[in-house]
Amino acid sequence: AQSVAQPEDQVNVAEGNPLTVKCTYSVSGNPYLFWYVQYPNRGLQFLLKYITGDNLVKGSYGFEAEFNKSQTSFHLKKPSALVSDSALYFCAVRDISGNNRLAFGKGNQVVVIP
Amino acid sequence: GAGVSQSPSNKVTEKGKDVELRCDPISGHTALYWYRQRLGQGLEFLIYFQGNSAPDKSGLPSDRFSAERTGESVSTLTIQRTQQEDSAVYLCASSRRAGDGDEQFFGPGTRLTVL
């Protein structure tokens, strides 16, 4: 079964500094990978996904993520963090040769310090 | 167009009562998913529907949980004889199809509190 690990509970970063949120995955076949963001008292919003093609994926709000097959990672990055980026970030994976469910990580709380 | 909507937004109930949660997916989305999010934890898959195919119920935690979907429209998640450990935010999502790489669009959730 597919699974996701988000090793850090909370990521603190100063406003204007680069932001990285780590994600590693496990699937038996090839993955579809997703990042979602959850703001307080709101549902999850889609940020970006990797399906195939270029390993560097660009998404909403200036975020990007790099698919690294050898390291089974899909880290989320933003070159310059904003205070408004403070939220809960979830990585998710689906095994394209398996069932249709997504496996979500436990989430990372990002705190951007002014 | 409208996004995924869920009702009620909040539900407080007493232990042992039944509750019904509703989800309206995005029009035209054939796949619909239910998740549970406990405080401080990630999303736990419960069930998904794909068109007229048999639903994947493998994530339902007990036989007290059930869900229905009418065609490719509204879905209801029912929890019978609620327990305190059922307290969580229940999230619904829909996507164009269950396969391929289509992203899921989430509703705002229903916060269930069992006293």
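Residues numbered from 1 in each chain as written. Chains lettered and ligands numbered in written order. Predicted model: local features only at pLDDT ≥ 70, side-chain atom pairs only at ≥ 80, totals over all residues. Heavy atoms only, no water.

> What should I look at first to understand the pairing of strand β6 (residues 44-50) of chain A in this one?
Strand residues, when the strand is regular, have side chains that alternate between the two faces of the sheet. All names here are of chain A. Judged by how many residues are buried, β6 sits mostly within the fold: five of seven residues are covered. By the bridge criterion, six bridges tie strand β5 (residues 31-38) to β6 in an arrangement that is antiparallel. Its bridge partner being in β6, L33 is matched across the sheet by Y50. Hairpin connection between β5 and β6: a loop of five residues separates the two successive antiparallel strands, and N41 in this loop has a positive phi of roughly 60 degrees. (Buried < 20%, exposed > 50% of the residue type's maximum accessible area, 1.4 Å probe, protein only. Helix = DSSP H or I, 4+ residues; strand = E, 2+ residues; numbered from the N terminus. Pairing = 2+ DSSP bridges.)

> For this particular structure, what's the right way to read the pattern of salt bridges?
Opposite charge on two side chains permits pairing when their charged atoms draw close. Residue and element names in this part refer to chain B. Tallied over the full model, the rule gives eight salt bridges over all chains. Put simply, R22 and D24 hold a salt bridge, and the shortest N to O gap is 2.9 Å. D24 gets classed as partly exposed once you look at its relative accessible area, which sits at 22%. The residue D102 makes a salt bridge to R96 at a minimum N-O spacing of 3.0 Å. (Salt bridge = Lys/Arg side-chain N within 4 Å of Asp/Glu carboxyl O.)

> Explain the sheet that holds strand β7 (residues 75-79) of chain B to me, please; I cannot follow it from the model alone.
Within a beta sheet, neighbouring strands are joined by backbone hydrogen bonds and run either parallel or antiparallel to one another. Residue and element names in this part refer to chain B. Overall, antiparallel pairing links the four strands, which are arranged β1-β3-β7-β6 in an open sheet. Edge strands, defined here as strands with exactly one partner in the open sheet, are β1 (5-7) and β6 (65-69). Geometrically, the sheet is characterised by an average inter-axis angle of 15 degrees between neighbouring strands, direction not taken into account. Summarising the sheet, β1 and strand β3 (residues 19-24) pair through three bridges and their orientation is antiparallel. (Axes fitted to C-alpha atoms, helices over the stretch in contact; angles between N-to-C directions.)

> Got a minute to help me understand the pairing of strand β9 (residues 73-78) of chain A in this structure?
Residue and element names in this part refer to chain A. Relative to β9, strand β3 (residues 19-21) runs antiparallel, the two being bridged by three bridges. Paired with V21 across the two strands is L76, which belongs to β9. Direction of pairing for strand β8 (residues 64-68) relative to β9: antiparallel, over a ladder of five bridges. Across the sheet, the residue bridging to E64 is K77, located in β9. With antiparallel pairing between neighbouring strands as the criterion, β8 and β9 make up a hairpin whose turn holds four residues, including T72 at a positive phi of roughly 45 degrees.

> Looking at this model, I keep getting lost on the state of the cysteines. Mind explaining?
As used here, a disulfide is simply a covalent bond connecting the sulfur atoms of two cysteines. Considering all chains together, one arrives at two disulfides over all chains under this definition. With a sulfur-sulfur separation of 2.0 Å, C23 of chain A is cross-linked through a disulfide to C91 of chain A. When the S-S torsion is -65 degrees, as for the bridge of C23 of chain A with C91 of chain A, the disulfide is left-handed. Taken as a pair, C23 of chain A in the loop between β3 and β4 (24-26) and C91 of chain A in strand β10 (residues 87-95) lie far apart in primary sequence, 68 residues in all. The exposure classification of C23 of chain A matches that of C91 of chain A, with both residues buried. The disulfide bridge from C23 of chain B ends at C92 of chain B, spanning 1.9 Å between sulfur atoms. Because the torsion about its S-S bond is -65 degrees, the bridge between C23 of chain B and C92 of chain B counts as left-handed. (Disulfide = S-S within 2.5 Å.)

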